[in-house]
Amino acid sequence: MSTDSELHHFTLFATAIGQCALVWNSHGIAAVRLPEQTEGRMLSRLHRRFPMLEAGAPPPAEQQAIDGMVALLEGEARDLRFCALDLRRETPFHLRVYTAAQDILPGKTKTYGEIAALLGEPGAARAVGQALGHNPFPIIVPCHRVLASGAQSGGFSAPGGVSTKLRMLLIEGAEIGGAPGLFDREPPPSTH
């Protein structure tokens with residue numbers, strides 16, 4: 001199991017939604033952080049979570065993950081399941097939820113209840129939401145593609161909250177249950 005005293009490396013990288021961070025160690029990607037209000041806040045949170053943290057140039061596998069995330073957030077339909085994640089700290093249930101979330105293709109969505117049903121635990125929608133709320137790998141494990149019932153956005157624990165989630169879905173041209181994308185609806189008629 002990973003310890004907080006293990007050496008981790010990080011790099012910041014620019015995306016269409018702002019500056020993100022990637023943290024890795026000898027076992028793979030340990031975390032992805034979505035944009036914070038300031039670089040200082042980002043670095044502070046990273047150092048709190050990973051006390052032994054050094055800035056560094058990403059190795060080829062981590063650079064490939066960054067390139068994939070940047071492309072995805074520019075609207076390219078990228079499958080990021082190739083990314084090597086350090087999953088040693090995750091519970092078996094979280095691993096199952098993350099795998100199910102990774103199977104949701106860009107531009108598609110599922111509900112927490114649908115994920116629970118896929119896992120053979122139809123009453124576990126809340127537990128699915130909690131697992132995704134602890135997801136250390138947003139973008140790679142696309143928790144933004146999982147919605148509450150009735151195509152409601154549900155929560156999003158990453159910086160920026162639901163607005164970040166909706167922005168990511170907008171970039172992907174998300175469909176909800178085969179319906180047009182979240183933002184493809186006709187605007188209401190003008191009253192002028």
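For the structure itself, look to the data block above.
In what follows, the accompanying structure is described. The shown structure was predicted, so the numbers you read here are calculated from the model rather than taken from an experiment. (Residues numbered from 1 in each chain as written. Predicted model: local features only at pLDDT ≥ 70, side-chain atom pairs only at ≥ 80, totals over all residues. Heavy atoms only, no water.)

### Considering the overall build of the protein
- When you go through the protein residue by residue, the secondary structure sums to 6 helices and 8 strands.
- Each helix and strand of the protein, ordered N terminal to C terminal, gives the series β-β-β-α-β-α-α-β-α-α-β-α-β-β.
- Residue pairs at least 24 apart in sequence account for 59% of intrachain contacts in the protein once pairs closer than 6 positions are excluded.
- A total accessible area of about 9,700 Å² is found for the protein, and carbon and sulfur atoms account for 54% of it. (Helix = DSSP H or I, 4+ residues; strand = E, 2+ residues; numbered from the N terminus. Contact = heavy atoms within 4.5 Å. Areas by Shrake-Rupley, 256 points an atom, 1.4 Å probe, with all protein chains shown as cover.)

### Examining the packing of helix H3 (residues 92–102) against helix H5 (residues 125–133)
- Following both chains from N to C, one finds H3 and H5 inclined at 85°, their axes separated by 9 Å at the closest point. It follows that H3 is roughly perpendicular to H5 by the angle criterion. Here Phe-93, His-94, Val-97, Tyr-98 and Ala-101 of H3 lie close against H5, whose contacting residues are Ala-127, Val-128, Ala-131 and Leu-132. (Axes fitted to C-alpha atoms, helices over the stretch in contact; angles between N-to-C directions. Parallel < 35°, antiparallel > 145°, perpendicular 65-115°, else oblique.)

### Let's talk about the pairing of strand E1 (residues 8–15)
- As paired elements, E1 and strand E4 (residues 53–55) share 3 bridges and run parallel to each other. Bridged to Phe-10 within E4 is Ala-55.
- Examined bridge by bridge, E1 and strand E2 (residues 18–25) share 7 bridges and lie antiparallel to one another. Note on E2: the bridge partner recorded for Phe-13 is Cys-20.
- Here E1 folds back onto E2 in antiparallel fashion, the turn holding 2 residues. (Pairing = 2+ DSSP bridges.)

### Overview of the nonpolar core
- If you look at the biggest cluster of nonpolar residues, it comprises 38 residues, and the most contacted ones within it are Leu-22, Ile-29, Met-69, Val-128, Leu-132, Ile-139 and Ile-140.
- At the level of secondary structure, the elements contributing two or more residues to this core comprise E2, strand E3 (28–33), helix H2 (60–72), H3, helix H4 (112–118) and H5.
- Broken down by element, this core gets its largest block of residues, 5 residues, from H2.
- Residues contacting Met-69, with those up to four places away along its chain left out, are Phe-13, Leu-22, Val-32, Leu-80, Ile-139 and Ile-140.
- Ranked by size, the runner-up nonpolar core spans 9 residues in total, among them Ala-30, Met-42, Leu-46 and Leu-53. (Core = buried A, V, L, I, M, F, W, Y, C linked by side-chain atoms within 4.5 Å. Buried < 20%, exposed > 50% of the residue type's maximum accessible area, 1.4 Å probe, protein only.)

### Quick notes on the pairing of E3
- Across the 6 residues of E3, 5 count as buried, placing the element largely inside the fold.
- Bridge analysis of E2 against E3 gives 5 bridges, and the strand direction is antiparallel. Paired with Asn-25 across the bridge in E3 is Gly-28.

### Digging into the sheet that holds E1
- Strand order in this open sheet of 4 strands is E3-E2-E1-E4, and the pairing throughout is mixed. This sheet does not close on itself; its edge strands, each paired only once, are E3 and E4. In this sheet, neighbouring strand axes are inclined to one another by 30° on average, regardless of whether the strands run parallel or antiparallel.
- Contacting E1, E2, E3 and E4, helix H1 (residues 39–49) runs over the sheet at an angle of about 20° to E2.
- On top of the sheet, H2 reaches E1, E2 and E3; it is set at about 25° to E1, its chief contact.

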